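Okay, here's what each chain looks like letter by letter:
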Amino acid sequence: MDNNEAAAIAMPRIGDKAPAFKAVTTQGEIDFPKQYQGHWVILFSHPADFTPVCTSEFMTFATMEKQFEELNCKLVGLSVDGLYSHIAWLRTIKEKIEYKGMKDVEVKFPLIEDITMEVAKKYGMIQPGESSTKAVRAVFVIDPKGVIRAMIYYPLSMGRNFDELIRVVQALKAADEFGVATPADWRPGDDVIVPTAGSCGVAKDRMDGKEQGVTCHDWFFCTKKIDKEKVLQAIKK
Ligand code: BEZ
């Protein structure tokens, strides 16, 4: 890919409003992100229908949909295939594929047809170094106000880790709810990171162990516990 080609590709960024579009899906037309206001959404792309990695991903995602629903998070898929291909592929998955204990899997979330690649290009899902005719495996986590909060891209050859996607939504929601950050590998119930103290006095009190429930590893690195049930309750909304 030369520099001109690279410059022509729109790449949304974290903190941007999710690019708007209307599209046809396996569940009817959608007006994105407008109709998802008030919900978290994972908009994700896959390279092609009737391919093995994508099939394993769709079966896993559909099987975990309830876990995402419990986080008020909707799923929306996309590939540059047409609607009839999507319908035939999802029917094949339901009727024929048994994989890792999953069978009779019905994909109920919408799958966007994007033959023109209009949506895929808006979201930087076409990455010509990898493929100019297929979308890479992109994941956009979008908040209830339509703002992109996290983006993850995987190559064609690599299936995604859906536990990690649950963790990403949980961590973003916990950070918003409690005004904290989350450390490496955080899961609900693990200690969270409290914001760096705004003044020397508060920092000293923290370091001296005077701020209740806060443990400091150094002046810039302080953590506290939040009860797992409290986190799980707060991030349900
Ligand atoms: C797959 O889903 O198996 C796949 C799709 C496109 C390229 C390589 C693998």
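Check the entry above for the structure.
Residues numbered from 1 in each chain as written. Predicted model: local features only at pLDDT ≥ 70, side-chain atom pairs only at ≥ 80, totals over all residues. Heavy atoms only, no water.

Engineer: Can you explain the packing of aromatic side chains? Please cite residues and give values.
Structural biologist: Two measures describe an aromatic ring pair: the distance that separates the ring centres and the angle between the ring planes. Scanning all chains against the criterion turns up 14 aromatic pairs. Ring geometry for Phe-58 versus Phe-109: centroids 5.7 Å apart, planes at 40 degrees, classification tilted. Here Phe-58 is found in helix 2 (residues 52-63), whereas its partner Phe-109 is found in the loop between helix 4 (83-96) and strand 5 (111-113), with 51 residues between them in sequence. Look at Phe-58 and you get buried, because its relative accessible area is 0%. (Phe/Tyr/Trp six-rings, centres within 6.5 Å; stacked < 30°, edge-to-face > 60°. Helix = DSSP H or I, 4+ residues; strand = E, 2+ residues; numbered from the N terminus. Buried < 20%, exposed > 50% of the residue type's maximum accessible area, 1.4 Å probe, protein only.)

Engineer: Go over helix 4 with me, naming the residues and quoting the values.
Structural biologist: Taking 1.5 Å per residue, 14 residues should reach 20 Å; helix 4 reaches 20 Å between its end C-alpha atoms and fits that length. Of the residues making up helix 4, those classed as buried are Leu-83, His-86, Trp-89, Leu-90 and Ile-93. Looking straight down helix 4, one finds that the buried residues subtend no more than 130 degrees of arc, so they occupy a single side. Opposite the buried face of helix 4, at more than 90 degrees from it, the exposed residues are Tyr-84, Glu-95 and Lys-96. Summarising the contacts, the buried residues of helix 4 are in contact with strand 1 (21-25), helix 2, strand 4 (73-79) and strand 5. (Expected span 1.5 Å × (residues − 1). Arc of directions from axis to C-beta. Contact = heavy atoms within 4.5 Å.)

Engineer: Quick rundown of the sheet that holds strand 8 (residues 192-193)? Include the residues and the values.
Structural biologist: Taking strand neighbours across the sheet as the criterion, the three strands line up as 8-10-9 in an open arrangement whose pairing is antiparallel. Unpaired on one side and paired on the other, strand 8 and strand 9 (214-218) mark the two borders of the sheet. Bridge count between strand 9 and strand 10 (residues 221-224): four bridges; the pairing is antiparallel. Bridge pairing in strand 10 links Asp-218 to Phe-221. (Pairing = 2+ DSSP bridges.)

Engineer: Pulling in residues and values, what's your account of the site of the ligand?
Structural biologist: Around the ligand, the neighbouring residues are Pro-47, Thr-51, Pro-52, Val-53, Cys-54, Arg-137 and Leu-156. In this structure, Thr-51 approaches the ligand through a side-chain N or O atom, which is 2.9 Å from an oxygen atom. Val-53 places a polar main-chain atom, nitrogen or oxygen, 2.7 Å from an oxygen atom of the ligand. Alone, the ligand offers 260 Å² of accessible surface; in the complex the protein occludes 78% of this. In terms of residue count, the dominant contributor to the shell around the ligand is helix 2 (three residues). A per-class count over the shell around the ligand returns five nonpolar, one polar and one charged. (Near = heavy atom within 4 Å. Polar contact = N/O pair within 3.5 Å; in protein donor to acceptor, adjacent residues only side chain to side chain. Areas by Shrake-Rupley, 256 points an atom, 1.4 Å probe, with all protein chains shown as cover. Nonpolar A, V, L, I, M, F, W, Y, C, P; charged D, E, K, R; others polar.)

Engineer: Requested: an account of the pairing of strand 6 (residues 137-142), with residues and values cited.
Structural biologist: A regular strand carries its side chains on alternate faces of the sheet. Burial analysis of strand 6 places six of its six residues in the buried class, the great majority of the element. Residues Arg-137, Val-139 and Val-141 line one face of strand 6 and the alternating positions Ala-138, Phe-140 and Ile-142 line the opposite face, and both faces are buried. Here four bridges tie strand 3 (residues 40-45) to strand 6, and the two strands are oriented antiparallel to one another. The partner of Leu-43 across the bridge, within strand 6, is Phe-140.

Engineer: Would you mind going over the nonpolar core in detail, with residue names and values included?
Structural biologist: Residues Ile-42, Phe-58, Phe-61, Phe-68, Phe-109 and Val-141 are the most contacted members of the largest nonpolar core, which totals 39 residues. Those elements giving two or more residues to this core turn out to be strand 3, helix 2, strand 4, helix 4, strand 6, strand 7 (148-154) and helix 6 (162-178). Sorting elements by how many residues they give to this core places helix 6 first, with eight residues. Ranked by size, the runner-up nonpolar core spans 24 residues in total, among them Phe-21, Ala-23, Ile-112 and Ala-120. (Core = buried A, V, L, I, M, F, W, Y, C linked by side-chain atoms within 4.5 Å.)

Engineer: Quick one: what's the story with helix 6, residue by residue and with numbers?
Structural biologist: With 17 residues, helix 6 extends 24 Å from end C-alpha to end C-alpha; this agrees with the ideal 24 Å at 1.5 Å per step. Burial in helix 6 covers these residues: Phe-162, Leu-165, Ile-166, Arg-167, Val-168, Val-169, Gln-170, Ala-171, Leu-172, Lys-173 and Ala-174. The opening residue of helix 6, the one whose side-chain oxygen lies 3.0 Å from the backbone nitrogen of Asp-163, is Asn-161. Downstream of helix 6 by one or two residues, Gly-179 has phi in the positive range, about 60 degrees.

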